[in-house]
Amino acid sequence: MTRRGAAAGLVCLLWAVCECRQVTLPPGPLYRVAGFPLSLPCSVTGYEGSRTQDFEWFLIREDAGGRQIGVISTRDRRFPYAPFQARVRSGEVRVERDSGDRVRLVIQRLRPEDQGTYECYTPSTDARYQGNYSSSVLVNVIPDTLQVSHTSSRSLSGQALTEGAELQLTCSASVQSQQHTHVSVTFGVRGAGEGAGGSPAGGHNLREVISIDKHLSVVPGRGGDYERRYADGTVSLEKRSEGGQDQYVMRISSVVPSDTGSFFCEVIQWIQDPQMTWQRIAQRTLELGNVTVQPLADSLTVTTLPEGEVSLSAGSPLSLSCEVGGISPSSRPSLLVQWLRRAADRGAELEVARMGSDGVVTWGDDVSRRGGASLEKEAEGRYSLRLFSAHPADAGIYRCAVSVYTGRTPGTSSPAASQRSNGVTVSLRMKEVRVEAEVGLARGPPLQRGHTVSLLCNVTTVTSGPAQVEVHWLMTREEGEGPAEPALVAVLAHDGTSRLHGNNSDISVDRPSPSCYRLRVHKAEAEDQGLYQCHVEVWGQDPHGGWYNTGARSTSQPARVYMYARAGDLLLIPFVVGVSSALLVGVGIVASVTCCFLNRLAKQRRKT
């Protein structure tokens, strides 16, 4: 502070009741780096006169014996002394006005000889000369010791990266300074339209990826999806120390197409001024290279082998391979592999099996597992589906569907790409099987309500191998107008187990002889009246001992069951026989009953 300023300050203290002019600069000393900008704010308060105040800046060098050097003035263009005249004319040294009473001295590129005490002086516009008309601060210019370098990774070899691949970039920084300074490191990317030589602070499509700020905290880039990717761990930044230098390693474990661009590393040196604010004192920006990310949807391929059509004999093993290509080995993506099948007799596509990225296999089609099956990852990009014994139900069109997830949490978000293979048609050659079925009421005493009704299904099968018959008993009620749908009453499965569905009636099924199957309705009531049929399916045995549905089937013609409740009705024999056959290969069985019996039955019904 000059003597004149000190005297003015004393006067201001003596006249405390008055408002005095005050000129303010930041407290010092300040440290700035040669070659980088200096920005000194100066403000004045408590003044009289115009709201737009003038400012004059002086420099007092330590080697100048206290002599002032005029730097720049807001009111006099001839004010700068010779050391600053050319720099002021070029704009390298200038005054930027924030408001009428607040300005800042800007020196665009500091030189070592700019070190010294800077005085900000405001010419008086007051009626009386009182207060503080200038303020000073010491600025020390220190050498530029900020060094920045990088080590190119394999990812920047000029080859395009496939979506999901890993990108790793390293930026090394070092500072040799006697002052306590911090370094912040920011990794960013410019869009594909930006030139590599552009300023990172500019650029129309510049994005910050991740940084370590001046407080030494890791901060993901704002905007875009880098905050989310940092949260799920796919974008990270790590600091290492090696060879006297600090290395900052940015890793994107799974790149996406929006990462395409020119990557750079920006390193800033910070210092904390006496007023406890952090100031940027040096900066370096280093170009790291261009990255092009190819979308997986453009490169992913899925192929099923063998191609075309596969024809097998029933019971033979089936093996299909799914080949996945177009994925970089270094990307380590998460794959969901599904085998799908569309049967010839239905349009819906069913999931046979799936394998997640954790290797767990889930089966979705129980029919495919009856003879045993496996889904295995044989090699990188190759997944094989095997049915140890193919059954007729396994015939159809098979496809392999692959979904690729590039994040760390597959299944919780949409896949980066999905692709299906062409279909391969699997057909099964069957052995010739013939089957015939006929149903009728068992002979016995006259039927009354409460008695047991027995129906017999006689089955004839012709086959060249082991076979078992599965019998489904159906009943159709004759109430109301129009045809009714048959209801399943009971099933005697090919393995000897039975399933009863009988409308709350007491029913049972058994096999009195090798070719005869019986349905019994115990304590039959009126609701058990109707048309009964037996539906027969033939199951064959494969070489591995597994059973499969051969597709051979036959349904008998219906047999009518009618119950009598009156005493007079006991004199009649309600013998109703329906003889039918449904021949797989055209064999028919002729049903016959006597006309006399039918006429008597018709007369009796008219009486009742």
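Residues numbered from 1 in each chain as written. Predicted model: local features only at pLDDT ≥ 70, side-chain atom pairs only at ≥ 80, totals over all residues. Heavy atoms only, no water.

Trainee: Lay out the overall build of the protein with the relevant residues and their values.
Mentor: When helices and strands are counted, the protein shows five helices and 41 strands. Sequence-distant contacts in the protein: of pairs separated by 6 or more residues, those separated by 24 or more amount to 61%. For the protein, the accessible surface area stands at approximately 30,700 Å², while carbon and sulfur atoms represent 48% of it. (Helix = DSSP H or I, 4+ residues; strand = E, 2+ residues; numbered from the N terminus. Contact = heavy atoms within 4.5 Å. Areas by Shrake-Rupley, 256 points an atom, 1.4 Å probe, with all protein chains shown as cover.)

Trainee: Could you give an account of the sheet that holds strand β33 (residues 453-462), with specific residues and numbers?
Mentor: Spatially, β32-β33-β38-β37 is the arrangement adopted by the four strands of the open sheet, whose pairing is antiparallel. The two strands at the open ends of the sheet, each matched to only one other strand, are β32 (434-441) and β37 (506-513). For this sheet, the mean inter-axis angle between neighbouring strands, taken without regard to orientation, is 20°. The sheet contact formed by β33 and strand β38 (residues 516-522) spans six bridges and is antiparallel. Counterpart to L455 in the pairing with β38 is L519. (Pairing = 2+ DSSP bridges. Axes fitted to C-alpha atoms, helices over the stretch in contact; angles between N-to-C directions.)

Trainee: Requested: an account of the pattern of salt bridges, with residues and values cited.
Mentor: Pairing is possible between side chains of opposite charge, provided their charged atoms come close. Under the defined criterion, the tally for this structure stands at 28 salt bridges. In this structure, R94 and E96 form a salt bridge, with 3.0 Å as the shortest nitrogen-oxygen distance. Exposure remark for E96: the relative accessible area of 31% places this residue in the partly exposed category. A salt bridge links D510 to R518; its shortest N-O distance comes to 2.6 Å. Put simply, D225, R228, R229, D232 and D259 are held in one network by salt bridges that share partners. (Salt bridge = Lys/Arg side-chain N within 4 Å of Asp/Glu carboxyl O. Buried < 20%, exposed > 50% of the residue type's maximum accessible area, 1.4 Å probe, protein only.)

Trainee: Outline the nonpolar core, listing residues and values.
Mentor: Counting 34 residues, the largest nonpolar core has L167, F187, V209, M250, F263 and V267 as its most contacted members. The set of elements that each furnish at least two residues to this core consists of β12 (167-174), β13 (181-190), β14 (206-212), β16 (235-242), β17 (245-252), β18 (261-272) and β19 (278-291). Residue contacts for V209: discarding those within four places in its chain leaves F187, G188, V189, P220, G221, Y226, V235, M250, I252 and F263. Counting 30 residues, the second-largest nonpolar core is a separate cluster that includes V435, V471, M475 and L519. (Core = buried A, V, L, I, M, F, W, Y, C linked by side-chain atoms within 4.5 Å.)

Trainee: Help me get a handle on the state of the cysteines, residues and values and all.
Mentor: As enumerated under the stated definition, the model contains four disulfides in all. Two residues, C42 and C120, share a disulfide whose sulfurs are 2.0 Å apart. Given an S-S torsion of about -90°, the disulfide between C42 and C120 has left-handed geometry. Of this pair, C42 sits in strand β3 (residues 38-45) while C120 sits in strand β8 (residues 116-121), placing them 78 residues apart in sequence. For the pair C42 and C120, one class covers both residues: buried. Across the disulfide from C322 sits C400; the S-S distance is 2.0 Å. Taking the torsion about the sulfur-sulfur bond, which here is approximately -75°, the covalent link between C322 and C400 counts as left-handed. (Disulfide = S-S within 2.5 Å.)

Trainee: I'd love a proper account of the side chain of S134, names of residues and values included.
Mentor: Positionally, S134 belongs in strand β9 (residues 134-142). Of note is the side chain of S134, whose polar atom sits 3.0 Å from the side chain of E119. (Polar contact = N/O pair within 3.5 Å; in protein donor to acceptor, adjacent residues only side chain to side chain.)

Trainee: Give a description of the environment of V139 that names residues and reports values.
Mentor: For V139, the location among the structural elements is in strand β9. Judged by its relative accessible area of 0%, V139 falls in the buried class. Each C-alpha atom of the pair V139 and Q115 lies 5.7 Å from the other, and the pair is 24 residues apart in sequence. The residues contacting V139, other than those within four sequence positions of it, are L30, R32, L38, L40, Q115, G116 and Y118.

Trainee: Any chance you could break down the sheet that holds strand β27 (residues 373-379) for me, citing the residues and the numbers?
Mentor: Pairing within the open sheet is antiparallel, and its four strands lie in the order β21-β23-β28-β27. The sheet is open, and its two borders are formed by β21 (301-305) and β27, each paired with just one other strand. The sheet shows a mean angle of 20° between the axes of neighbouring strands, direction not considered. Here β21 pairs with strand β23 (residues 318-325) via five bridges, running antiparallel. Bridging from a neighbouring strand, T301 pairs with G325 of β23.

Trainee: Could you give me a rundown of the environment of L385, with the residues and numbers involved?
Mentor: Within the element layout of this structure, L385 appears in strand β28 (residues 382-387). Given the relative accessible area of 1%, L385 is considered buried. Residues contacting L385, with those up to four places away along its chain left out, are L318, S319, L320, W339, V352, W363, S374, L375 and Y398.

Trainee: Give me the lowdown on the confidence of the model for the protein, citing residues and values where you can.
Mentor: Here the protein averages 80 in pLDDT, and 80% of its residues register 70 or above. Low pLDDT (under 50) marks residues 1-18, which in the prediction has 20 contacts with non-local residues, meaning those over four places away or in another chain. Note that pLDDT drops below 50 for residues 193-203; the model gives that stretch 17 contacts with residues more than four away or on any other chain. (pLDDT = per-residue confidence, 0-100.)

Trainee: Can you tell me about the packing of aromatic side chains, naming the residues and giving the values?
Mentor: Applying the stated rule across the entire model yields one aromatic pair. When the ring centre of W270 is taken as reference, the NZ or CZ atom of K214 above it lies at 4.5 Å. (Phe/Tyr/Trp six-rings, centres within 6.5 Å; stacked < 30°, edge-to-face > 60°. Lys NZ or Arg CZ within 6 Å of the ring centre and 35° of its normal.)

Trainee: Summarise the pairing of β33; cite the residues concerned and give the values.
Mentor: Two elements, β32 and β33, share eight bridges in a ladder whose sense is antiparallel. Residue A437 lies in a different strand from β33, and its bridge partner there is V459.

Trainee: I'd love a proper account of unusual backbone geometry, names of residues and values included.
Mentor: Here the residue pair G28 and P29 is connected by a cis peptide bond, since its omega of 0° sits within 30 degrees of zero. Note on placement: P29 falls in the loop between β1 (22-24) and β2 (30-33). Residue L305 is joined to P306 through a cis peptide bond whose omega torsion reads -5°. Turning to its location among the elements, P306 is positioned in the loop between β21 and β22 (309-313). One non-glycine residue with positive phi stands out, namely M276, at about 70°.

Trainee: Break down the pairing of β18 for me, with residues and values.
Mentor: Burial analysis of β18 places eleven of its twelve residues in the buried class, which makes it a mostly covered element. Relative to β18, β13 is paired through ten bridges, and the arrangement is antiparallel. Paired with V185 across the bridge in β18 is V267. Relative to β19, β18 runs antiparallel, the two being bridged by twelve bridges. The residue bridging Q269 from the neighbouring strand is A282, located in β19. Connecting the antiparallel pair β18 and β19 is a turn made up of five residues, with M276 showing a positive phi of about 70°.

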